[in-house]
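Listed here are the chains, written in short residue letters.
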Amino acid sequence: NNEKSVPQLLIRDLKFEKSLAKLMFSPDQENHPSKAPVKYGELIVLGYNGSLPNGDRGRRKSRFALFKRPKANGVKPSTVHIACTPQAAKAISNKDQHSISYTLSRAQTVVVEYTHDSNTDMFQIGRSTESPIDFVVTDTVPGSQSNSDTQSVQSTISRFACRIICERNPPFTARIYAAGFDSSKNIFLGEKAAKWKTSDGQMDGLTTNGVLVMHPRNGFTEDSKPGVWREISVCGNVFSLRETRSAQQRGKMVENESNQLQDGSLIDLCGATLLWRTAEGLSRTPTVKHLEALRQEINAARPQCPVGFNTLAFPSMKRKDVVDEKQPWVYLSCGHVHGYHNWGNKEERDGKDRECPMCRSVGPYVPLWLGCEAGFYVDAGPPTHAFSPCGHVCSEKTTAYWSQIPLPHGTHTFHAACPFCAHQLAGEQGYIRLIFQGPLD
């Protein structure tokens, strides 16, 4: 009879669990399990391979997720005031109300008041650590291993650089605007800032170093192609670039383009570039787990140094800055992968160039690192290619895509760079196919 009692016990246990569940959950919760918060998307800073050099802390990190807020905090323009003196303008700009002040001359300031918008959420990005800034961004120094490298540089990123406004209802459209509101809820465009009256009588302007945006063509996929860099105004209008970042003369207005962010849009704040990934786009992107599986797969194939015959292995994602003794190294002129060795040094050019023992081609010899920031990958392909000259490894389509993107550099130049460390790319293509030697046994 023992056999019958087991199912009976199970039924009793299930009944007990159900009654316990009823006690634990209010009837409302039982019918509607707590929903995960809606994610609008993520901003990922170019030049960091998964985290900041000294670790992510609070609002200062290498990627920032934008979630639907418990309560809407968006704003939209309402009343326009024309004040004849800066004092009058100050009186109008109430501390409890968002406003944008445009100083036209000593004698005239236009203040545009902004009112609460219950349909949108606002997120602010900039260098300031004051409370209105949601995501604190500092200047990216290519290949820097610690924040101490970055602090000595005079920053060109604005303290209140830009704001992103997301619709709280599907399709959760995100739009970008230059400048952010400060602690007194004000945006202040001084006499020197480029500003103008629009055809419908509104005011608009540009910030000192500007906010540039590039939307890729064909989305952020393996078929992506670079788009055209544009400048976004304080009111979210789109312009062609100025002659230099802070030139007084604005570019031409681009009527048929908008400030709506797309998956893969790049935002440049003059000192740091951010990649916008939509929640939907991220759901199609390889995960860190997938990248870890690819790393283990390469290591399981036991690639060997063709000279020392020792087995090579990519270090774990956590040890991404310390050169390991099993670390693969590559000759960037040909792509042959070796273990570290000391021969083949060429005396010319500071001893940086080495001769590959396999094919005798001469060029830089660098350690290989896996690209750990999954958000930069355009596909889930195997890590077969490396950026030159830094040696960051990822899929072929990902290296091909980033090597075509001209990223703003300084105030008027552009160059392609590795998304994982921000180093300017070198060589004909900016990347190389890796040639591994399998085990001989």
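Structural data are supplied above this passage.
A brief look at the structure comes next. (Residues numbered from 1 in each chain as written. Predicted model: local features only at pLDDT ≥ 70, side-chain atom pairs only at ≥ 80, totals over all residues. Heavy atoms only, no water.)

Notes on the environment of G47
Move 1: Here G47 shows up in the loop between β1 (39–45) and β2 (63–67).
Move 2: Overall, G47 belongs to the buried group, its relative accessible area being 12%.
Move 3: With residues up to four places along the chain from it excluded, the contact list for G47 reads T140, P419, F420, C421 and A422. (Helix = DSSP H or I, 4+ residues; strand = E, 2+ residues; numbered from the N terminus. Buried < 20%, exposed > 50% of the residue type's maximum accessible area, 1.4 Å probe, protein only. Contact = heavy atoms within 4.5 Å.)

Remarks on the sheet that holds strand β16 (residues 266–268)
Move 1: Spatially, the 7 strands line up as an open sheet ordered β2-β1-β17-β16-β13-β14-β15, and their pairing is antiparallel. Across the chains shown, the open sheet's two edge strands, defined by having one partner strand only, are β2 and β15 (238–239). (Pairing = 2+ DSSP bridges.)

What about helix α7 (residues 396–403)?
Move 1: Taken as a whole, α7 has its buried residues at T398, T399, Y401, W402 and S403.
Move 2: Where α7 is buried, its residues contact β13 (211–214), β16, β17 (273–278), β23 (385–387), β24 (392–394) and β27 (431–433).

Here we look at the pattern of salt bridges
Move 1: One pass over the structure, following the stated rule, counts 14 salt bridges.
Move 2: With a shortest N-O distance of 2.6 Å, R63 and E42 are connected by a salt bridge. Of this pair, R63 sits in strand β2 while E42 sits in strand β1, placing them 21 residues apart in sequence.
Move 3: Of the charged contacts, one joins R242 and E231 as a salt bridge, the two residues approaching to 2.7 Å between their closest N and O atoms. Taken together, the residues R242 in the loop between β15 and β16 and E231 in strand β14 (residues 229–232) connect sequence positions 11 residues apart.
Move 4: What you see here is one network of salt bridges that share partners, running through K39, E42, R63 and E373. (Salt bridge = Lys/Arg side-chain N within 4 Å of Asp/Glu carboxyl O.)

Let's talk about helix α6 (residues 288–300)
Each α-helix turn comprises 3.6 residues. Residues three or four places apart therefore point the same way.
Move 1: Taking 1.5 Å as the rise per residue, α6 with 13 residues should run 18 Å; its terminal C-alpha atoms sit 18 Å apart, in good agreement.
Move 2: Of the residues making up α6, those classed as buried are L291, E292, L294, R295, I298 and N299. Projection of α6 onto a plane perpendicular to its axis shows the buried side chains occupying an angular sector of 160°, all on one side. Those residues of α6 that are exposed and aimed more than 90 degrees away from the buried face are K289, E297 and A300.
Move 3: Against β22 (369–370) lie the buried residues of α6.
Move 4: R302 sits one or two residues past α6 and shows a positive phi near 50°. (Expected span 1.5 Å × (residues − 1). Arc of directions from axis to C-beta.)

Considering the packing of aromatic side chains
Move 1: One pass over the full model with this rule turns up 17 aromatic pairs.
Move 2: Seen from their ring centres, F220 and Y401 are 5.6 Å apart, and the 85° between their planes marks the pair as edge-to-face. With F220 in the loop between β13 and β14 and Y401 in helix α7, this pair connects stretches of sequence that are 181 residues apart.
Move 3: Using a relative accessible area of 2% as the deciding quantity, one classes Y401 as buried. (Phe/Tyr/Trp six-rings, centres within 6.5 Å; stacked < 30°, edge-to-face > 60°.)

Observations regarding the nonpolar core
Move 1: In this structure, L43, L66, I125, I164, I176, I267 and L269 are the most contacted members of the largest nonpolar core, which totals 46 residues.
Move 2: Apart from the residues within four sequence positions on either side, L66 is in contact with V38, K39, Y40, G41, L43, F123, I164, C166 and W276.
Move 3: With 30 residues, the next largest nonpolar core counts L46, F220, W229 and L291 among its residues. (Core = buried A, V, L, I, M, F, W, Y, C linked by side-chain atoms within 4.5 Å.)

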